[in-house]
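Close look at the chain arrangement
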Amino acid sequence: MADTDMFSVYARISVQPGQRDIVIELINEAVRAGGETNGLISYSINASLDEPDALWVTQLWTDKAAHDTTTHSEPVKAVSQRMVSLLAAPPTGSYGLAVHTQGYGR
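What this report covers is the structure whose coordinates are included nearby.

Reading the values: the criteria
Residues numbered from 1 in each chain as written. Predicted model: local features only at pLDDT ≥ 70, side-chain atom pairs only at ≥ 80, totals over all residues. Heavy atoms only, no water. Core = buried A, V, L, I, M, F, W, Y, C linked by side-chain atoms within 4.5 Å. Buried < 20%, exposed > 50% of the residue type's maximum accessible area, 1.4 Å probe, protein only. Helix = DSSP H or I, 4+ residues; strand = E, 2+ residues; numbered from the N terminus. Contact = heavy atoms within 4.5 Å. 1 Å grid on protein atoms, 1.4 Å probe; cavity = no way out; pocket = protein on both sides within 12 Å on 5 of 7 lines; lining within 4 Å. Points joined across faces, edges and corners; volume = space filled by probe spheres on them. Nonpolar A, V, L, I, M, F, W, Y, C, P; charged D, E, K, R; others polar.

**Topic: the nonpolar core**
- Counting residues in hydrophobic clusters, the biggest one holds 13 residues, and the most contacted among them are Ile13, Val15, Val23, Ile27, Leu55, Met83 and Leu87.
- No other element matches helix H1 (residues 20–33), which puts 4 residues into this core.
- Every residue in contact with Ile13, bar those within four places of it in the chain, is listed here: Val23, Ile27, Asp53, Ala54, Leu55, Val57, Leu87 and Pro91.

Structure below.
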């Protein structure tokens, strides 16, 4: 059972051929557009070894409310809209609550 309200997001993003690097930059831009105190604890963008046009994005938020507020903010929505035409399909994934986290420093 989770001992925190930390909210997690796991998304698979299929991009149009040759657009992966642009989508990665837009994901990073969307994170910056959310501001520094938005509740996003960490995120990673992962390239698939088997599918060159697939990305996996994971996010850890302080809670669901922080996620919802940030992702529905006008600055983040504006960046996300620029990504739509670069996708091969709508993102898929799931949401959850973190049951264990461990940091490894930088």
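**Digging into the layout of surface pockets**
- The calculated volume of the largest pocket comes to roughly 740 Å³.
- Ile13, Gln59, Thr71, Ser80 and Pro91 are, among the 28 residues lining the largest pocket, the residues nearest its centre.
- At the level of elements, strand E1 (7–14), H1, strand E3 (54–61), helix H2 (64–71), helix H3 (74–83) and strand E4 (92–97) are the ones that each hand at least two residues to the lining of the largest pocket.
- Here the lining of the largest pocket gets 5 residues from one element, more than from any other, and that element is H3.
- For the lining of the largest pocket, the residue count by class is 16 nonpolar, 11 polar and 1 charged.

**Quick notes on the environment of Val9**
- Assignment of secondary structure puts Val9 in strand E1.
- A residue is classified by how much of its surface remains accessible, and Val9, at 9% relative accessible area, is buried.
- Separated by 88 residues in the primary sequence, Val9 and Leu97 have C-alpha atoms spaced 8.7 Å apart.
- The contacts of Val9, once residues within four sequence positions are left out, are Val57, Thr58, Gln59, Trp61, His67, Ser94 and Tyr95.

**Remarks on the side chain of Ser8**
- Within the secondary structure, Ser8 is located in strand E1.
- Not counting residues within four places of it along the chain, the set of residues in contact with Ser8 comprises Gln59, Leu60, Ser94, Tyr95, Gly96, Leu97 and Ala98.

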